[in-house]
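# Observations on chain architecture
Single-letter residue listing:
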Amino acid sequence: MGTPSLSPWDTLVLTLVLVGLWAPCVVSRQPNFIVILADDVGWGDLGANWAETKETPHLDQLAAEGTRFVDFHSAASTCSPSRASLLTGRLGVRNGVTHNFAISSLGGLPLNETTLAELLREAGYSTGAIGKWHLGHHGHHHPNSRGFDYYFGIPYSHDMGCTDNPGYNLPPCPPCPRHSTAARVAKKDCYTEVALPLYENLTIIQQPVELGSLARRYAEEAARFIQRASDSGRPFFLYLALAHMHVPLTPPLPPAPGRGIYGASLGEMDALVGRIKEVADSLGKGSTLLWFTGDNGPWAQKCELAGRLGPFVGAWQRQRGGSSGKQTTWEGGHRVPALVYWPGRVPAGRTSHALLSILDIFPTLVALAGAALPPNRRFDGLDVSPVLFGWSDVGHKVLLHPNSGAAGKVGGIEALRLAQYKAFYTTGGAMACDGSIGPAEQHQPPLIFNLDRDIQEQDPLHVASREYQEVLPAISRAYAQALQDIAADNVSLADYSQDPAAIPCCNVQHVGCRCHGATQDPHVEKRTPQLCL
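Since this is a predicted model, take the numbers as computed values, not measurements. For every chain, the first residue of its written sequence is number 1, and the numbers climb from 1 along that sequence. Local features in this predicted model are restricted to residues of pLDDT 70 or higher, and side-chain atom pairs are both shown and tallied only at a pLDDT of 80 or more, whereas totals for entire chains, interfaces and linings draw on every residue. Working from all heavy atoms in the structure, the side-chain values ignore hydrogens and water.

## A few points about the overall build of the chain
- Across its full length, the chain carries 13 helices and 17 strands.
- The buried share of the chain, reckoned over its 533 residues, is 60%.
- Once local pairs closer than 6 in sequence are excluded, the contacts in the chain between residues at least 24 apart make up 72%.
- Here, Shrake-Rupley sampling with a 1.4 Å probe gives the accessible areas, and only protein chains in the shown set may cover a residue. For the chain, the accessible area works out to roughly 20000 Å², and carbon and sulfur atoms hold 55% of it. Each helix is a run of H or I in the DSSP string that is no shorter than four residues. Each strand is a run of E no shorter than two, and both are numbered from the N terminus. Residue exposure (1.4 Å probe, protein chains only): buried if accessible area is under 20% of the type maximum, exposed if over 50%, otherwise partly exposed. Note on contacts: a residue pair is in contact if any heavy atoms of the two residues lie within 4.5 Å.

Structure representation (structure tokens):
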């Protein structure tokens, strides 16, 4: 009689038990995973990080019952590249996604890139994506073709289409037109011609979406997905990409005194996260890992509608104009809040200073599921489960920060972290609240900051100083090795071409593509541009 074969998960658990590494954390089945990604959230938007913030009691409780990571970074400082890196474990220079996709984009995350959902589904998981996608919506770039069994959400940011009751924005955007004879007012940064669609799987179920109820609907659909997966007996992976805090949705209630519009929206996001945690706990504490983080830092040009940087103000850049938040490689652009909650496995009330990244979510969850990384490509993320479990506080030795729109070629690597040192070969500021944009500057030799004593990035090391001369060779070697590794990798190239016929439109006969209720698959029929626009 032959020996029965072990699954990858059984083998992983057995190995860890035998070497005495994971005895406290052995589970009888693959864990469930919930990844909650906030949009444009600031490091200082969590009370657990920044005492001035009072609107996040549920997130603060999550931090108290789990581990808080204070040196955690997005893989880019703008939407699409950061999300592509989360789902592939690879930087944009490898996976091909270096800047944002448009509403008329034909392409998306390259189809030869393997997503986290695809790997987990192969490992037996039920997979769901709820919320903002922004990795291509046309044809096979839709979430249902990228490993997700279920999708409910909007294909891109919630300000990339008109609505009947527009959310807050700066400048304010008008509602969708209702009649073809209505006067069209072109406004900068506003999408006035095509309504924002809401998808369930491949079907547009509402266009324009009702923003005021979106948070509630996301929570309801997440709870339904979790319950369906639980009833099926399969582990699940839920990727919940929130609309908050890009620009505030219409709050359900007027903002309370002292909180303002942004604070009210932050409180709404906090309540949504609290609801998801409650649903996860109802399955039995210890069965689900919940990971909360953000895609990039605050969108400073939105002024009072933007998030809080905390101490990461990029003072050197601010003195020269522009913001140091979203789209920049300053700390405020890519250092984001991060919490991991897994009762009985991830220590409660712990603060980790390990240098970690959104890139690490992919290899870490793959390892915990007992699956294997795809071959023939290199990954920028690490399996950081030892850090999650509190066995180590060592993360990346080197972390790369891609250009994200403020300066330099988009996706290019011209800033990096080595231990406590941050080096810039190019600097620049994104648009600030006052309308200023910091000029792009090249630095050779690089600008170097010691973040241990200069978290505000105010005073770069003097080139002639002993400290600068000692650290420069190590930074130069790390930078050269990183670029060589990328050049030798199997890299992808995203298709950024556009066609108005790719714009999601559930009813081409109606102004703004308006419809309510389920309709046919919007990708089946080729549309003429004038019908959609």
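Now, onward.
## As for the sheet that holds strand β14 (residues 413-418)
- In spatial order, the strands read β13-β14-β15-β16; together these 4 strands make up an open sheet with antiparallel pairing. The open sheet is flanked by β13 (398-402) and β16 (441-450), the only strands paired with a single partner. Ignoring strand direction, the axes of neighbouring strands in this sheet form an average angle of 20°.
- Here helix α12 (residues 466-487) sits on the sheet and contacts β13, β14, β15 (421-427) and β16; the angle it forms with β14, its principal contact strand, is near 125°. Two strands are counted as paired when DSSP detects at least two bridges linking them. All axes are obtained by fitting lines to C-alpha atoms, using only the stretch in contact for helices, and the reported angles, taken between N-to-C directions, cover 0 to 180 degrees.

## Quick look at the packing of aromatic side chains
- Side-chain rings of Phe, Tyr and Trp, where Trp is taken by its six-membered ring, are said to pair if the distance between their centres is within 6.5 Å; with planes under 30 degrees apart they count as stacked, over 60 as edge-to-face, and otherwise as tilted. Counted according to the given criterion, the structure contains 17 aromatic pairs.
- Arranged with centres 5.8 Å apart and planes meeting at 75°, the rings of W330 and F449 form a pair that is edge-to-face. Of this pair, W330 sits in the loop between α8 (315-318) and α9 (331-334) while F449 sits in strand β16, placing them 119 residues apart in sequence.
- On the basis of relative accessibility, which here comes to 0%, the residue F449 falls in the buried class.

## Considering the pattern of salt bridges
- Each salt bridge in this description consists of a side-chain nitrogen of Lys or Arg and a carboxyl oxygen of Asp or Glu lying within 4 Å of one another. Per the stated rule, a full pass over the model turns up 28 salt bridges.
- Taking the shortest distance from any N to any O, the salt bridge between D39 and R83 comes out at 3.5 Å. Remark: R83 occurs in helix α3 (residues 79-88) and D39 occurs in the loop between β1 (32-38) and α2 (57-65); sequence separation between them is 44 residues.
- When its relative accessible area of 0% is taken as the criterion, D39 is described as buried.
- On the accessibility criterion, R83 (0% relative accessible area) is buried.
- Through salt bridges that share partners, R90, R94, E113, R378, D380, D485 and D489 make up one connected network.

## A closer look at the packing of helix α6 (residues 214-232) against helix α7 (residues 260-282)
- Viewed as axis vectors pointing N to C, α6 and α7 meet at an angle of 10°, and their least axial separation amounts to 10 Å. Between α6 and α7, the angle is such that the two are roughly parallel. In terms of crossing hand, the pair formed by α6 and α7 is right-handed. Residue-level inspection shows A215, Y218, A219, A222, A223 and I226 of α6 in contact with α7, the latter providing E268, L272, R275, I276 and V279.
- Note on residue categories: nonpolar means Ala, Val, Leu, Ile, Met, Phe, Trp, Tyr, Cys or Pro, charged means Asp, Glu, Lys or Arg, and polar means any other residue, Gly included. In the contact of α6 with α7, the residues fall into 9 nonpolar, no polar and 2 charged. Orientation categories follow fixed angle ranges, with anything under 35 degrees roughly parallel, anything over 145 roughly antiparallel, 65 to 115 roughly perpendicular, and all other angles oblique. Crossing handedness is defined as follows: a turn of the near helix away from the far one that is anticlockwise and smaller than a right angle gives a left-handed crossing, while the clockwise case is right-handed.

## So, the environment of L242
- You can see L242 is positioned in the loop between β8 (236-241) and α7.
- In the structure, L242 is positioned 111 residues away from G131 in sequence and 5.4 Å away in space, judged by C-alpha atoms.
- Apart from the residues lying within four places of it in its own chain, the contact partners of L242 are I36, L37, A38, D39, K132, M269, L272 and V273.

## Things to note about the state of the cysteines
- Two cysteine sulfur atoms make up a disulfide if the distance between them is within 2.5 Å. This structure, assessed with the given rule, holds 5 disulfides.
- C162 shares a disulfide with C176; S-S distance 2.1 Å. Taking the sign of the S-S torsion, about 105° here, the bridge from C162 to C176 comes out right-handed. Pair noted here: C162 is in the loop between β5 (150-153) and β6 (198-200) and C176 is in the loop between β5 and β6, with a separation of 14 residues, a long-range link.
- A residue is classified by how much of its surface remains accessible, and C162, at 3% relative accessible area, is buried.
- Covalent S-S linkage joins C506 and C515, the inter-sulfur distance amounting to 1.8 Å.

## A short note on the nonpolar core
- With 70 residues, the main nonpolar core has F237, Y239, W291 and L365 as its most contacted residues.
- In these notes, a set of buried Ala, Val, Leu, Ile, Met, Phe, Trp, Tyr and Cys residues joined through side-chain atoms within 4.5 Å is what counts as a nonpolar core. Listed in part, the 53 residues of the second largest apolar core include A63, I103, I205 and Y218.

## Notes on the side chain of K132
- With respect to the helices, strands and loops of the structure, K132 is situated in the loop between β4 (126-131) and β5.
- A polar contact of 2.7 Å, which involves the side chain of K132, links it to the side chain of S157.
- If sequence neighbours within four positions are ignored, K132 has contacts with D39, C79, R83, I154, Y156, S157, Y218, A241, L242 and H246. Here a polar contact means two N or O atoms within 3.5 Å. Within protein one must be a hydrogen donor candidate and the other an acceptor candidate, and residues neighboring in sequence count only if both atoms are side-chain atoms.

## Quick notes on α12
- When the terminal C-alpha atoms of α12 are compared, their 33 Å separation across 22 residues agrees well with the 32 Å that a helix rising 1.5 Å per residue should span.
- Within α12 the residues assigned to the buried category are E467, Y468, V471, L472, I475, A478, Y479, A482 and I486. Expected span, for any helix, means 1.5 Å times one less than how many residues it has.

## Points about the confidence of the model for the chain
- Within the chain, residue pLDDT values average 90, and 89% of them lie at 70 or more.
- Think of pLDDT as the predictor's per-residue confidence, scored from 0 to 100. Here residues 11-28 is modelled with pLDDT under 50, and outside its nearest four sequence neighbours on either side it reaches 23 contacts, counting other chains as well.
- The low-confidence segment residues 518-533, where pLDDT is below 50, has 39 contacts with residues more than four positions distant or belonging to other chains.

## Some points on α6
- Here α6 is 19 residues long and its end C-alpha atoms lie 27 Å apart, about the 27 Å a rise of 1.5 Å per residue gives.
- Every buried residue belonging to α6 is among L214, A215, Y218, A219, E221, A222, A223, F225, I226 and A229, and all of these are buried.
- Residues of α6 that are buried in the fold lie against β1, β4, β5, β6, β8 and α7.
- Positive phi shows up at G233, right after α6, with a value of about 85°.

## Re the environment of G212
- Structurally, G212 is set in the loop between β7 (203-207) and α6.
- It is 9.0 Å that separates the C-alpha atoms of G212 and P166, two residues lying 46 residues apart in sequence.

## Considerations on the side chain of N32
- By secondary structure assignment, the location of N32 is in strand β1.
- For N32, the side chain forms a polar contact with the side chain of R29, separated by 3.1 Å.
- Engagement of the side chain of N32 in a polar contact is seen with the side chain of T288, the distance being 3.2 Å.
- Apart from the residues within four sequence positions on either side, N32 is in contact with R234, P235, F236, L283, S287, T288 and L289.

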